[in-house]
Amino acid sequence: MVLADRNVEASWAIDWVGRKEFDYTCADVAEGRDLATIAGLSYKDQDGKIKHNPSARMIQKHGCAPVGADVYQRDLQIEKYFIGYLLHPYVSLYTGRGCPAQCTFCLWPQTIGGHKYRVRSPQNVAERNGLHEETLPASAGVFLRR
Ligand code: SF4
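To start, this report covers the structure provided alongside it. All residue numbers refer to positions counted from 1 along the written sequence of the respective chain. Local features in a predicted model are, by the rule used here, given only for residues with pLDDT of at least 70; side-chain atom pairs are given and counted only at 80 or more, and totals for whole chains, interfaces and linings are based on all residues. Excluding hydrogens and water, the side-chain values take into account all heavy atoms of the structure.

**Describing the layout of surface pockets**
Reported here for the second largest pocket is a volume of approximately 210 Å³. Lining residues are defined by having an atom within 4 Å of a point belonging to a cavity or pocket. Those points lie on a 1 Å grid over the protein atoms alone, cavities being sets where a 1.4 Å probe fits but cannot get out and pockets being open sets with protein on both sides within 12 Å along at least five of seven lines. As for the second largest pocket, its lining consists of twelve residues, of which Tyr24, Arg57, Met58, Ile59 and Gln60 are closest to the centre. Three classes are used: nonpolar for Ala, Val, Leu, Ile, Met, Phe, Trp, Tyr, Cys and Pro, charged for Asp, Glu, Lys and Arg, and polar for all others, with Gly counted as polar. Per-class residue counts for the lining of the second largest pocket are six nonpolar, two polar and four charged. Grid points are joined across faces, edges and corners, and a volume is the space filled by probe spheres set on the points.

**A short note on unusual backbone geometry**
Residue Pro89 is reached from His88 by a cis peptide bond, and omega for that bond is -15°. Strands are runs of DSSP state E lasting at least two residues, helices are runs of H or I lasting at least four, and both sets are numbered from the N terminus onward. Mapped onto the elements of the fold, Pro89 is located in the loop between helix 3 (69-75) and strand 4 (90-94). Phi angles above zero are rare outside glycine, and Leu3 is one such case at about 50°.

**Some thoughts on the side chain of Thr111**
One can find Thr111 in helix 4 (residues 108-113). A relative accessible area of 17% means that Thr111 is categorised as buried. Only 2.6 Å separates the side chain of Thr111 from the backbone oxygen of Leu107, close enough to count as a polar contact. Any two residues whose heavy atoms approach within 4.5 Å at even a single point are treated as in contact. Beyond its immediate stretch of four places on either side in the chain, Thr111 contacts Val2 and Lys20. The rule is simple: take the accessible area with a 1.4 Å probe, protein chains only, and divide by the maximum for that residue type; under 20% is buried, over 50% is exposed, in between is partly exposed. Two N or O atoms count as a polar contact when they lie within 3.5 Å, although within protein this holds only if one can serve as hydrogen donor and the other as acceptor, and sequence-adjacent residues are included solely when both atoms are side-chain atoms.

**Focus on the sheet that holds strand 1 (residues 16-18)**
The three strands lie next to each other as 1-2-3, forming an open sheet whose pairing is antiparallel. Because the sheet does not close on itself, it has two edges, and the strands there are strand 1 and strand 3 (50-52). Direction aside, neighbouring strands of the sheet carry axes that sit 10° apart on average. Pairing between strands requires that DSSP locate at least two bridges from one strand to the other. Summarising the sheet, strand 2 (residues 41-44) and strand 3 pair through three bridges and their orientation is antiparallel. Within the sheet, the bridge partner assigned to Lys44 lies in strand 3 and is Ile50. Between the N-to-C directions of two axes lies an angle of 0 to 180 degrees, each axis being a line fitted to C-alpha atoms and, for a helix, fitted only over the stretch in contact.

**Quick word on the pattern of salt bridges**
The term salt bridge refers to a pairing of a side-chain nitrogen on Lys or Arg with a carboxyl oxygen on Asp or Glu at a separation within 4 Å. Counted according to the given criterion, the structure contains six salt bridges. Between Asp23 and Arg97 there is a salt bridge; the shortest N-O distance is 2.7 Å. Here Asp23, found in helix 2 (residues 23-30), pairs with Arg97, found in strand 5 (residues 96-97); they are 74 residues apart in sequence, far enough to count as distant. When its relative accessible area of 31% is taken as the criterion, Asp23 is described as partly exposed.

**With respect to a nonpolar patch on the surface**
On the surface, Val71, Tyr72, Leu76 and Tyr81 cluster together to form a nonpolar patch covering roughly 350 Å² of accessible area. As for its position among the elements, Tyr72 is in helix 3. Patches draw on residues past 30% relative accessible area with no salt bridge. Two like charges within 9 Å are joined, as are two nonpolar side chains (Val, Leu, Ile, Met, Phe, Trp, Tyr) within 5 Å. The Shrake-Rupley method, run with a 1.4 Å probe, gives the accessible areas here. Residue values count only the displayed protein chains as cover.

See below:
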């Protein structure tokens, strides 16, 4: 999430946002940790004041995150999600994080993943691709993104 102040202020319904790579920030919130202790979090305190915790550390080992395929299979109807430039339904597998380039039209490295490029191993990609094919047979295509 970018512009954390403006986004937290945007609605009474928004209690917090995660900045930059927010995978573990969101997991910490879901586990019920005290918001004041969660790295990468901007949130409203009990008085409605916006607080910004220190940034989370960039994820170094990209392949270490848990596989979400079983959660997708249990809770997600992928047919309900649509992106106009991809086959439908689809699954995205991210094989890398960050990008050293600075294309002016692109927001990703500037706002989320940073410029340090981190990759999954070929074995990890093959293993996870297989898991998605097994658990989400409805997907028409798997979109590999570097
Ligand atoms: S991810 Fe963005 S910045 Fe990196 S090469 Fe692709 S378009 Fe350019």
